[in-house]
Amino acid sequence: MASTVKMLDTVDSTNSLIARAVAASGFSDAVNCVAHLFESPEDIGEGEGTDTDRSVAGIQTPASSDHGSESSSERSERLPISIAVSDVQTKCRGRQGRTWFNSPGESLLSSWAVPVRIDVLDSRHSGWLTTICGIALIDAIGEVMTRRDVRALNPDAQLELKWPNDVFCQGRKLAGILCEMVPTGESSAVLIIGIGMNLFVPQENLPIDMSTSLQLQFGPLPPYAELRDELVCVTTQHLRRELSAFMKHPDDVIPDLRDRVERLSWTLGKQVRAHLADDRSLIGRALSINDDASLTILRHDGCRQKVTVADVGVLPEIGDAVE
């Protein structure tokens, strides 16, 4: 279940839409802000073709649910999540200001708003917030494909995590995640999780050689709207489960998170180039994921360097064929 959902035909950016909604909210705490984010029908700019009768199949909100056997205490303890989904984004963006290619009916373009306490953001473990999103997305894709009996078209096709949270398949980027933070007061903030994933993008329309599309790796896929809605629904479930557990007891879940990242990692063990925040580059071998979600790289001079914020690309090994 989501707290509120905003479904649009076109918007500038679902991350930007949520940021504007947070700024326009009358709540000073993140929990209530997220829980009531899209309840007001007022315009928050840059959206086109909004259809108020549309919904995401499988996603219930408090207004559309009779809550079944769920108690009021269970509802109050559940982590609130609001969602914005759009078929097209005119200013879709990724990390470092990159644009994300999209066309109608070809991509999953959605953002999730989640409240986070300041003490979690200020802790040494805060780097896990972004990595958890990548883990949750991979698990959600896998669950949907299992439900739908979708099979890999190539025996080597498997979903992997490029540090810190990109989803790769056969060495090519399938999905990107952009996490942004909007403060709401002295004790909390809203984490915005923007996900862009190529679903039905044809090979000839892929923006770069290092990208791929779900239809090129797995099949048969259900129709676009069904697949998009199911992915949004299941991703919401996994995000809530993973983030709730982490924010309650981070020290308890970090060992398991590290194990899962190591199993899923496309980055570990490979030669990499890290583009650091200060415009320097670092080349070496990716050695390990640390307990703060940072990446340790073994430089060519034998020294180890911990990287917390960087764009990390995998380099071909000597002797590897370069396509």
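Look above for the structure.
Computed from a predicted structure; not experimentally measured. (Residues numbered from 1 in each chain as written. Predicted model: local features only at pLDDT ≥ 70, side-chain atom pairs only at ≥ 80, totals over all residues. Heavy atoms only, no water.)

Participant: Would you mind showing me how to read the side chain of Thr296 here?
Facilitator: Checked against the element boundaries, Thr296 lands in strand β13 (residues 295-299). A polar side-chain atom of Thr296 sits 2.9 Å from a polar atom in the side chain of Asn290. Once residues within four sequence positions are removed from consideration, Thr296 is found in contact with Arg285, Ala286, Leu287, Ser288, Asn290, Arg304, Gln305 and Lys306. (Helix = DSSP H or I, 4+ residues; strand = E, 2+ residues; numbered from the N terminus. Polar contact = N/O pair within 3.5 Å; in protein donor to acceptor, adjacent residues only side chain to side chain. Contact = heavy atoms within 4.5 Å.)

Participant: Looking at this structure, I do not really get the nonpolar core. What am I missing?
Facilitator: The nonpolar side chains of a soluble globular protein tend to be buried with one another. Trp128, Leu159, Ile193, Leu243 and Phe246 are the most contacted members of the largest nonpolar core, which has 69 residues in total. The leading source of residues in this core is helix α5 (residues 128-147), at twelve residues. Residues Leu8, Ile18, Cys33 and Ala113 belong to the second largest nonpolar core, which totals 16 residues. (Core = buried A, V, L, I, M, F, W, Y, C linked by side-chain atoms within 4.5 Å. Buried < 20%, exposed > 50% of the residue type's maximum accessible area, 1.4 Å probe, protein only.)

Participant: Help me understand the packing of α5 against helix α7 (residues 224-248) in this model?
Facilitator: In a pair of packed helices, the angle between the axes and the distance between the axes together describe the arrangement. Where α5 contacts α7, the two axes come as close as 8 Å, and the packing angle between them is 135 degrees. With respect to α7, the element α5 is oriented oblique. Note on packing geometry: the crossing formed by α5 with α7 is right-handed. Across the interface between the two elements, Trp128, Leu129, Ile132, Cys133, Ala136, Leu137, Asp139, Ala140, Ile141, Glu143, Val144 and Arg147 of α5 pack against Leu227, Glu230, Leu231, Val234, Thr235, Gln237, His238, Leu239, Glu242, Leu243 and Phe246 of α7. (Axes fitted to C-alpha atoms, helices over the stretch in contact; angles between N-to-C directions. Parallel < 35°, antiparallel > 145°, perpendicular 65-115°, else oblique. Left-handed = near helix turned anticlockwise from the far one by under 90°.)

Participant: Even after reading the chapter, I still don't get the sheet that holds strand β11 (residues 271-276), so can you show me in this structure?
Facilitator: Consider a sheet: its strands pair through backbone hydrogen bonds, and that pairing is either parallel or antiparallel. Pairing is antiparallel in the open sheet, where five strands are placed in the order β14-β13-β12-β11-β15. With partners counted over all chains shown, the strands left at the sheet margins are β14 (304-307) and β15 (310-314), one partner each. The average angle at which neighbouring strand axes cross in this sheet is 45 degrees, direction not considered. Across four bridges, the pairing between β13 and β14 is antiparallel. What sits directly across from Leu295, in β14, is Val307. (Pairing = 2+ DSSP bridges.)

Participant: Even after reading the chapter, I still don't get the pairing of strand β7 (residues 166-169), so can you show me in this structure?
Facilitator: On β7, burial covers both faces: Asp166 and Phe168 on one face and Val167 and Cys169 on the other are all buried. Relative to β7, strand β6 (residues 159-162) runs antiparallel, the two being bridged by four bridges. Directly across from Lys162, in β7, lies its bridge partner Asp166. Hairpin connection from β6 to β7: three residues lie between these consecutive antiparallel strands. In this antiparallel pair of consecutive strands, β7 and strand β8 (residues 172-183), the connection spans two residues, and Gln170 shows a positive phi of 55 degrees.

Participant: Would you explain the state of the cysteines in this entry?
Facilitator: By definition, a disulfide links two cysteine residues through a covalent bond between their sulfur atoms. All chains considered together, the criterion is met by zero disulfides. Free of any disulfide, Cys179 has its nearest neighbouring cysteine sulfur in Cys133, separated by 4.0 Å. (Disulfide = S-S within 2.5 Å.)

Participant: Just to check I follow, could you spell out the pattern of salt bridges for this structure?
Facilitator: Following the criterion strictly, the structure yields 18 salt bridges and no others. We note a salt bridge from Asp291 to Arg124, for which the minimum N-O separation is 3.1 Å. Remark: Arg124 occurs in the loop between α4 (118-121) and α5 and Asp291 occurs in the loop between β12 (281-289) and β13; sequence separation between them is 167 residues. Salt-bridge contacts for Arg260 lead to Asp139; the nearest nitrogen and oxygen are separated by 2.9 Å. Remark: Asp139 occurs in helix α5 and Arg260 occurs in helix α8 (residues 250-264); sequence separation between them is 121 residues. Of the residues examined, Arg260 reaches a relative accessible area of 13% and is grouped as buried. Judged by relative accessible area, Asp139 falls into the partly exposed class, the value being 27%. Linked through salt bridges whose partners overlap, the residues forming this network are Glu143, Arg147, Arg148, Glu226 and Glu230. (Salt bridge = Lys/Arg side-chain N within 4 Å of Asp/Glu carboxyl O.)

Participant: Explain the pairing of β11 to me, please; I cannot follow it from the model alone.
Facilitator: Moving residue by residue along a regular strand, the side chains alternate between the two faces of the sheet. Relative to β12, β11 runs antiparallel, the two sharing five bridges. Opposite Gln271, over in β12, you have Arg285 as the bridge partner. Alignment of β11 against β15, held across five bridges, turns out to be antiparallel. Across the sheet, Ala274 pairs through a bridge with Val312, a residue of β15.

Participant: Just checking my understanding: could you explain the side chain of Asn15 for this structure?
Facilitator: Looking at where Asn15 falls in the secondary structure, it is placed in helix α1 (residues 14-24). At 2.8 Å, the side chain of Asn15 and the side chain of Glu180 are in polar contact.

Participant: Just to check I follow, could you spell out α7 for this structure?
Facilitator: Each α-helix turn comprises 3.6 residues. Residues three or four places apart therefore point the same way. Taking 1.5 Å as the rise per residue, α7 with 25 residues should run 36 Å; its terminal C-alpha atoms sit 36 Å apart, in good agreement. Summarising burial for α7: 19 of the 25 residues are buried, a large majority. (Expected span 1.5 Å × (residues − 1).)

Participant: I tried to follow the environment of Val272 on my own but got confused; where do I start?
Facilitator: Note on placement: Val272 falls in strand β11. The exposure class of Val272 is buried, given its relative accessible area of 0%. Between the C-alpha atom of Val272 and that of Ile297, which follows or precedes it by 25 residues, the distance is 8.3 Å. When neighbours within four sequence positions are excluded, Val272 is seen to be in contact with Thr267, Leu282, Ile283, Gly284, Ala286, Ile297, Val312, Gly313, Val314 and Leu315.

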